[in-house]
Amino acid sequence: MLCIIAMSNALFCFVELNLQHIMHMMDQVLVMSSMSTEAMLQPKYYQYTFFLTMFLLTNFVTFLPTTFSYRYQLVKDPINSRTWGFFIKQVSPALLSSALCGYLCAKAIICPTEAEAEHIISLIPPEMRVAQHLQIVYIVDFNQFNSKMSIWALWVVCLISTLTTIAYWIESHHRVVQNRLASGKTLKINTQFRIGLVPIFVTPSMKDVIPVEKTDEEMVEG
């Protein structure tokens with residue numbers, strides 16, 4: 001499980017380094033520009049790159065209940081829960097739900113023409129541009145049905161993942177504590193695992209969701 005999580009994190013970092021998205025929000029329209037290789041691709045490939053971005057980003061949330069469920073089953077039935085079939089059964093819901101969110105988000109993007117892109121750039125205040133030359137790759141209009149569906153899907157998946165994680169968190173903790181054969185070291189590791197695992201998953205998601213407010217001086221310098 002840790003290998004799968006590490007691979008997902010490494011792939012997400014690799015994708016983000018190669019895409020380097022810059023986002024601008026104007027009148028419920030999200031403008032996405034790229035400072036890296038994505039701007040060199042043809043528009044027909046943008047759906048695939050955005051799908052991969054949202055798929056990997058959603059994995060940070062969907063793998064939370066998967067990890068705690070897998071850990072709970074290891075405590076409950078350590079023999080049968082070590083098979084490949086059981087592992088695939090645990091991981092599949094997270095991957096499928098992330099893929100669904102990625103697909104809906106990819107269907108929501110709109111690739112503007114060159115003239116439309118230039119018009120959009122002209123609407124962005126110069127002090128808000130982080131680069132002198134912006135290469136707009138696609139936009140997301142939150143007034144459209146596909147965009148609303150993607151937002152609702154992300155909200156539902158994140159809510160279910162959070163509630164499921166809390167349920168397995170509590171249940172696995174009670175099972176370990178009630179197990180009289182558990183040593184003090186096991187209980188200590190259990191506490192460290194519960195406290196340390198959540199920030200590992202939540203922090204990267206918060207980094208990409210929570211906006212950062214800049215001062216006027218910082219925006220002018222940018």
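Residues numbered from 1 in each chain as written. Predicted model: local features only at pLDDT ≥ 70, side-chain atom pairs only at ≥ 80, totals over all residues. Heavy atoms only, no water.

### Overview of the overall build of the protein
- A tally of helices and strands in the protein yields seven helices and four strands.
- Reading the secondary structure of the protein in the N-to-C direction produces α-β-β-α-α-β-α-β-α-α-α.
- With 222 residues in all, the protein has 38% of them scored as buried.
- Here the contacts in the protein between residues at least 6 apart in sequence split such that 76% fall between residues at least 24 apart.
- Entry remark: accessible area of the protein is about 13,800 Å², with carbon and sulfur atoms responsible for 66%. (Helix = DSSP H or I, 4+ residues; strand = E, 2+ residues; numbered from the N terminus. Buried < 20%, exposed > 50% of the residue type's maximum accessible area, 1.4 Å probe, protein only. Contact = heavy atoms within 4.5 Å. Areas by Shrake-Rupley, 256 points an atom, 1.4 Å probe, with all protein chains shown as cover.)

### Looking at the UniProt feature "transmembrane region" (unreviewed entry) in the protein
- Taking the numbering used here, the UniProt-annotated feature "transmembrane region" (unreviewed entry) corresponds to residues 45–64 and 151–170.
- The span residues 45–64 is 95% helix and 0% strand, and its two end C-alpha atoms sit 30 Å from each other.
- Taken as a whole, residues 151–170 contains 100% helix and 0% strand, while its terminal C-alpha atoms sit 29 Å from one another. (UniProt positions renumbered as here; feature names shortened; annotations may be inferred.)

### Things to note about the nonpolar core
- Counting residues in each nonpolar core, the largest one holds 23 residues, and the members touching the most others are Met32, Phe50, Met54, Ile109 and Tyr138.
- At the level of secondary structure, the elements contributing two or more residues to this core comprise helix H1 (2–19), strand S2 (29–34), helix H2 (46–76), helix H3 (84–108), strand S4 (136–141) and helix H5 (145–178).
- Dropping the residues within four chain positions of it, Ile109 is found in contact with Tyr46, Gln47, Phe50, Tyr138, Ile139 and Val140.
- In terms of nonpolar packing, the next biggest core, distinct from the first, is built from seven residues, Ala117, Ile120, Ile136 and Ile139 among them. (Core = buried A, V, L, I, M, F, W, Y, C linked by side-chain atoms within 4.5 Å.)

### Points about the side chain of Ser69
- Along the chain, Ser69 turns up in helix H2.
- A polar atom in the side chain of Ser69 sits 2.6 Å from the side chain of Gln90.
- Ignoring any residue separated from it by four or fewer positions in sequence, one finds Ser69 in contact with Gln90 and Tyr168. (Polar contact = N/O pair within 3.5 Å; in protein donor to acceptor, adjacent residues only side chain to side chain.)

### Thoughts on the packing of aromatic side chains
- This model, assessed by the stated rule, comprises five aromatic pairs.
- Aromatic side chains Phe12 and Phe60 sit 5.1 Å apart centroid to centroid with 85° between the ring planes, which places their arrangement in the edge-to-face category. On the criterion of sequence distance, the pair formed by Phe12 in helix H1 and Phe60 in helix H2 is long-range, its members being 48 residues apart. Phe60 shares its class with Phe12; the two are buried.
- An aromatic cluster of three or more residues is present, and its members are Tyr46, Phe50 and Tyr138. (Phe/Tyr/Trp six-rings, centres within 6.5 Å; stacked < 30°, edge-to-face > 60°.)

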